[in-house]
Amino acid sequence: MDKQTKKEMISEWKEGHPKMGVVSVRCIATGEEFYSISRDTASWFNRHRFELNDRRHRNKRLQELWDMYGEGGFDFLTVSELEYEKADDVKPDDLKELLEICLMENPAAKKL
């Protein structure tokens, strides 16, 4: 890779921003769904997969389901993405409000 291409790729990476919003872990077999908020959805999914595979997730019910059905028995989804210009402009209450809206739309979902 030439220097110019590398420089452009680094610039694009720096200018990009992570997806923020409401995330979900859904057990396919039972339909149980667990919602949370994240300022970086990709990192959130990775962390929770790791904790579940390591059998040390803080949500006991989710861990039970994971142990029963395994990783293939779950969907990791972004339920609602928060649109923003600068990450510094996003307040924690913005994400909490979005979570409450999503929970109202799906009352069967549980907060994670």
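Treat the numbers as computed from the prediction; the structure is a model and nothing was measured. (Residues numbered from 1 in each chain as written. Predicted model: local features only at pLDDT ≥ 70, side-chain atom pairs only at ≥ 80, totals over all residues. Heavy atoms only, no water.)

Engineer: Any chance you could explain the sheet that holds strand S2 (residues 33–38) here in plain terms?
Structural biologist: Sheet strands associate in pairs through backbone hydrogen bonding, adopting either a parallel or an antiparallel arrangement. Taken in spatial order, the four strands of this open sheet run S3-S1-S2-S4, and their pairing is mixed. If you trace the sheet from one side to the other, it starts and ends with strand S3 (74–82) and strand S4 (110–111), each paired once. The pairing of strand S1 (residues 20–27) with S3 spans eight bridges and is classified as antiparallel. Of the residues in S3, the one forming a bridge with Val25 is Phe76. Along the sheet, helix H4 (residues 92–105) contacts S1, S2, S3 and S4; its crossing angle with S2, the most-contacted strand, is approximately 160 degrees. (Pairing = 2+ DSSP bridges. Helix = DSSP H or I, 4+ residues; strand = E, 2+ residues; numbered from the N terminus. Contact = heavy atoms within 4.5 Å. Axes fitted to C-alpha atoms, helices over the stretch in contact; angles between N-to-C directions.)

Engineer: I keep staring at the side chain of Glu33 and nothing clicks. Help me out?
Structural biologist: Mapping Glu33 onto the fold places it in strand S2. We note that Glu33 is buried and unpaired, the nearest opposite charge coming from Arg26 at a distance of 5.0 Å. A polar side-chain atom of Glu33 sits 2.9 Å from a polar atom in the side chain of Ser24. Setting aside residues no more than four positions away along its own chain, Glu33 makes contact with Ser24, Val25, Arg26, Asn106, Ala109 and Lys110. (Buried < 20%, exposed > 50% of the residue type's maximum accessible area, 1.4 Å probe, protein only. Lys, Arg positive; Asp, Glu negative; His and termini not counted. Salt bridge = Lys/Arg side-chain N within 4 Å of Asp/Glu carboxyl O. Polar contact = N/O pair within 3.5 Å; in protein donor to acceptor, adjacent residues only side chain to side chain.)

Engineer: I keep staring at the environment of Gln4 and nothing clicks. Help me out?
Structural biologist: For Gln4, the location among the structural elements is in helix H1 (residues 3–15). Residue Gln4 is classed as partly exposed on the basis of its relative accessible area, which comes to 47%.

Engineer: How do you make sense of the packing of helix H2 (residues 41–53) against helix H3 (residues 60–69) when you look at a structure like this?
Structural biologist: In a pair of packed helices, the angle between the axes and the distance between the axes together describe the arrangement. It is the contact of H2 with H3, at a shortest axis distance of 10 Å, that shows an interaxial angle of 70 degrees. Classified by the interaxial angle, the pair formed by H2 and H3 is roughly perpendicular. At the point where H2 passes H3, the crossing takes the right-handed sense. Across the interface between the two elements, Arg49, Glu51, Leu52 and Asn53 of H2 pack against Leu62, Gln63 and Trp66 of H3. Across the contact of H2 with H3, the residue classes break down as three nonpolar, two polar and two charged. (Parallel < 35°, antiparallel > 145°, perpendicular 65-115°, else oblique. Left-handed = near helix turned anticlockwise from the far one by under 90°. Nonpolar A, V, L, I, M, F, W, Y, C, P; charged D, E, K, R; others polar.)

Engineer: What is the right way to read H3 from this model?
Structural biologist: Given 3.6 residues to a turn, an α-helix orients residues that are three or four positions apart in the same direction. Among all positions of H3, only Leu62, Gln63, Leu65 and Trp66 are buried. Each buried residue of H3 lies within a common arc of 165 degrees when the element is viewed along its axis, so the set occupies one face. Turned more than 90 degrees from where H3 packs its buried face, Lys60 and Met68 sit exposed. In the core, the buried residues of H3 are packed alongside S1, S2, H2 and S3. Measuring from the backbone nitrogen of Arg61 back to the side-chain oxygen at the start of H3 gives 3.2 Å, which picks out Asn59 as the cap. Gly70 occupies a position one or two residues after H3 and carries a positive phi of about 75 degrees. (Arc of directions from axis to C-beta.)

By themselves, these observations are geometric and do not establish any function.
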